[in-house]
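Structure at a glance
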Amino acid sequence: MPQIRIELNGRQREIPEGSTIQELLSIEGAERQQVAVVVNERIIRPDGRAACILRQDDRVELLVFAGGG
Amino acid sequence: MDQLQLGNHILSSRLILGTGKFSSTRAMLDAVRASGTQLVTIALRRFNREQAEDDLFGPLSHIEGLTLMPNTSGAATAREAIRAAHISRELSGSPFIKVEIHPNPQHLMPDPIETYEACRVLVSEGFLVMPYIPADPVLAKRLEDAGCVSVMPLGSAIGSGQGLSTAAMVSIIIRESRIPVIVDAGLRSPSEACAAMEMGCEAVLVNSAVAVARDPAAMAVAFARAVEAGRQARQAGIMPKYGAAVATSPLTSFLGNP
């Protein structure tokens, strides 16, 4: 399957061409928790993730809450 | 009933807890529950599949009566803080945001100019904005005028345990403010939290002092009680200081004296 290159949380990453954000979350093991997704500085809400297909050179951030003061 | 009002939110606990630096998620959750706090801070971080169990949103969101206040820690500019606030609101659904902008990791002092700019924008977007600030009465007033629901001057540097080293300035902020003043950062012991409340702070925010205690849950309880004691003392009316002794017992008509 052809691959595309994206930047995921600041690192280069190859994923199958045509992957959606929902599929990326599954690949990363992040589908079971509350994760914020930002693609090219745009927040992608949960209801839009299954339809959002990632493109070559997209910059993707997956964010969660951690401890902080 | 004595309650803390932050925007349109009413809280009965005046202890706000940070959730960083605990030895485990379990220890943090135990401390949160034991303290009776109703507002905790959390931070936004990149997802790491090797640390997936560290996600705190799930366990914290299951504690009844607890509201989350995301912070913008890690932001060095207003633009970064605003972006973090947008993402945090999306993730948490909380209207609160603790604006925390410190460009220098060596001292972690908040940047007043970037903080003011971020607060101005976030207030206009409907956030309940609680900025972490240097203990500067002029800045505090400007942030109040901008629509922040509280100001949170530092007691001393983050995580330093140096206590209320800014007490004189915090007193001026309290005197001048019409919004709650909350000491945030630097408190080491419950007596310091009590002193902050006696001064007239409406709440305190504590993290390291609880997180690194040998028994965090017990320390959280100690802070909660100290905060309550300080608040009660403030409301009861603390006696003035005198420059000399003022007798508490009669000094006349004693035994052989006339």
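First, a word on scope: everything that follows refers to the structure included in this document. (Residues numbered from 1 in each chain as written. Chains lettered and ligands numbered in written order. Predicted model: local features only at pLDDT ≥ 70, side-chain atom pairs only at ≥ 80, totals over all residues. Heavy atoms only, no water.)

Concerning the overall build of chain B
Each helix and strand counted, chain B has 9 helices and 10 strands in total. Rg of the C-alpha trace for chain B: 20 Å, near the compact-globule value of 18 Å for 258 residues, within the 12% margin. The principal-axis extents of the C-alpha atoms in chain B amount to approximately 85 × 40 × 40 Å. Sorting the 258 residues of chain B into buried and exposed places 51% on the buried side. Pairs at least 24 apart in sequence give 65% of the contacts found in chain B among residues at least 6 apart. Distance between charge centroids for chain B: 2 Å, based on 22 positive and 24 negative side chains. (Helix = DSSP H or I, 4+ residues; strand = E, 2+ residues; numbered from the N terminus. Rg over C-alpha atoms; globule rule 2.2 N^0.38 Å. Buried < 20%, exposed > 50% of the residue type's maximum accessible area, 1.4 Å probe, protein only. Contact = heavy atoms within 4.5 Å. Lys, Arg positive; Asp, Glu negative; His and termini not counted. Charge placed at Lys NZ, Arg CZ, Asp CG, Glu CD.)

Here we look at the environment of Ala193 of chain B
In this fold, Ala193 of chain B is placed in helix H7 (residues 190-199). Apart from the residues within four sequence positions on either side, Ala193 of chain B is in contact with Leu187, Val204, Phe223 and Val227 of chain B.

Some points on the pattern of salt bridges
Applying the stated rule across the entire model yields 17 salt bridges over all chains. For Glu90 of chain B, the salt bridge is made with Arg45 of chain A, and the minimal N-O distance between the two is 3.0 Å. Within this pair, whereas Glu90 of chain B is found in helix H3 (residues 78-92), its partner Arg45 of chain A is found in the loop between strand E4 (42-44) and strand E5 (59-67), the two belonging to separate chains. Residues Asp145 of chain B and Arg178 of chain B are paired through a salt bridge, measuring 4.0 Å at the closest nitrogen-oxygen approach. Placement of Asp145 of chain B in helix H5 (residues 137-146) and of Arg178 of chain B in the loop between helix H6 (167-176) and strand E9 (182-184) is noted, with a sequence separation of 33 residues between them. Like Arg178 of chain B, Asp145 of chain B is exposed. Here the salt bridges do not stand alone but share partners, grouping Asp2, Arg14, Glu202 and Arg231 of chain B into one network. (Salt bridge = Lys/Arg side-chain N within 4 Å of Asp/Glu carboxyl O.)

Topic: unusual backbone geometry
Residues and elements named next belong to chain B. One non-glycine residue, Lys21, lies in positive phi territory at about 70°. Even without being glycine, Ala185 reaches a positive phi, approximately 95°. Locating Ala185 in the fold gives a position in the loop between E9 and H7. For Ala185, a relative accessible area of 10% puts it in the buried group.

Observations concerning the interface of chain B and chain A
Taken together, the contact between chain B and chain A spans 29 residues of the former and 24 residues of the latter. Taking both sides of the interface into account, the surface hidden between chain B and chain A amounts to around 2,400 Å²; carbon and sulfur atoms contribute 57%. When residues of chain B are sorted by the area they lose upon contact with chain A, Arg46, Phe47 and Leu91 of chain B head the list and together hold 31% of the total. At the junction of chain B and chain A, the tally comes to 3 salt bridges. A salt bridge links Glu41 of chain A to Arg79 of chain B, with the nearest nitrogen and oxygen atoms 3.3 Å apart. (Buried area = accessible area lost by both parts, 1.4 Å probe.)

A closer look at the state of the cysteines
A covalent bond bridging the sulfur atoms of two cysteines is what the word disulfide describes. All names here are of chain B. Under the counting rule described, the total for this entry stands at 0 disulfides over all chains. Take Cys119: it sits in no disulfide, and the sulfur closest to it among the cysteines is that of Cys148, at 3.9 Å. No disulfide involves Cys194; its nearest neighbouring cysteine sulfur is the one of Cys201, lying 11 Å away. (Disulfide = S-S within 2.5 Å.)

Quick word on the packing of H7 of chain B against helix H9 (residues 216-236) of chain B
Packed helices, taken two at a time, are described by their axes: the angle between them and the distance between them. All names here are of chain B. Running from N to C, H7 and H9 point in directions that differ by 25°, and their axes come no closer than 7 Å. Classed by the angle they form, the pair H7 and H9 counts as roughly parallel. Pair H7 / H9 crosses with right-handed handedness. When H7 is examined against H9, the residues Pro190, Ala193, Cys194, Met197, Glu198 and Met199 are found in contact with a partner set consisting of Met219, Ala222, Phe223, Ala226, Val227, Ala229, Gly230, Arg231, Ala233 and Arg234. Tallied by class, the residues present in the contact of H7 with H9 amount to 12 nonpolar, 1 polar and 3 charged. (Axes fitted to C-alpha atoms, helices over the stretch in contact; angles between N-to-C directions. Parallel < 35°, antiparallel > 145°, perpendicular 65-115°, else oblique. Left-handed = near helix turned anticlockwise from the far one by under 90°. Nonpolar A, V, L, I, M, F, W, Y, C, P; charged D, E, K, R; others polar.)

A look at the sheet that holds strand E7 (residues 128-133) of chain B
All names here are of chain B. Read across the sheet, 3 strands follow the order E6-E7-E8 without closing on themselves; strand pairing throughout is parallel. Whereas interior strands pair on both sides, the edge strands pair on one side only; in this sheet they are strand E6 (96-99) and strand E8 (152-153). Here helix H4 (residues 112-124) sits on the sheet and contacts E6 and E7; the angle it forms with E7, its principal contact strand, is near 175°. (Pairing = 2+ DSSP bridges.)

A closer look at the pairing of E7 of chain B
All names here are of chain B. Of all 6 residues in E7, 6 are buried, a share of seventy percent or more. Across the two faces of E7 the burial is the same, with Leu128, Met130 and Tyr132 and Val129, Pro131 and Ile133 all buried. Sheet topology note: the E6/E7 ladder contains 4 bridges and is parallel. By the bridge assignment for E7, Phe96 is matched with Leu128. With 2 bridges joining them, E7 and E8 adopt parallel strand pairing. Of the residues in E8, the one forming a bridge with Tyr132 is Met152. Crossover E7 to E8 through H5 is right-handed. (Right-handed = clockwise from strand over helix to strand, strands pointing away.)

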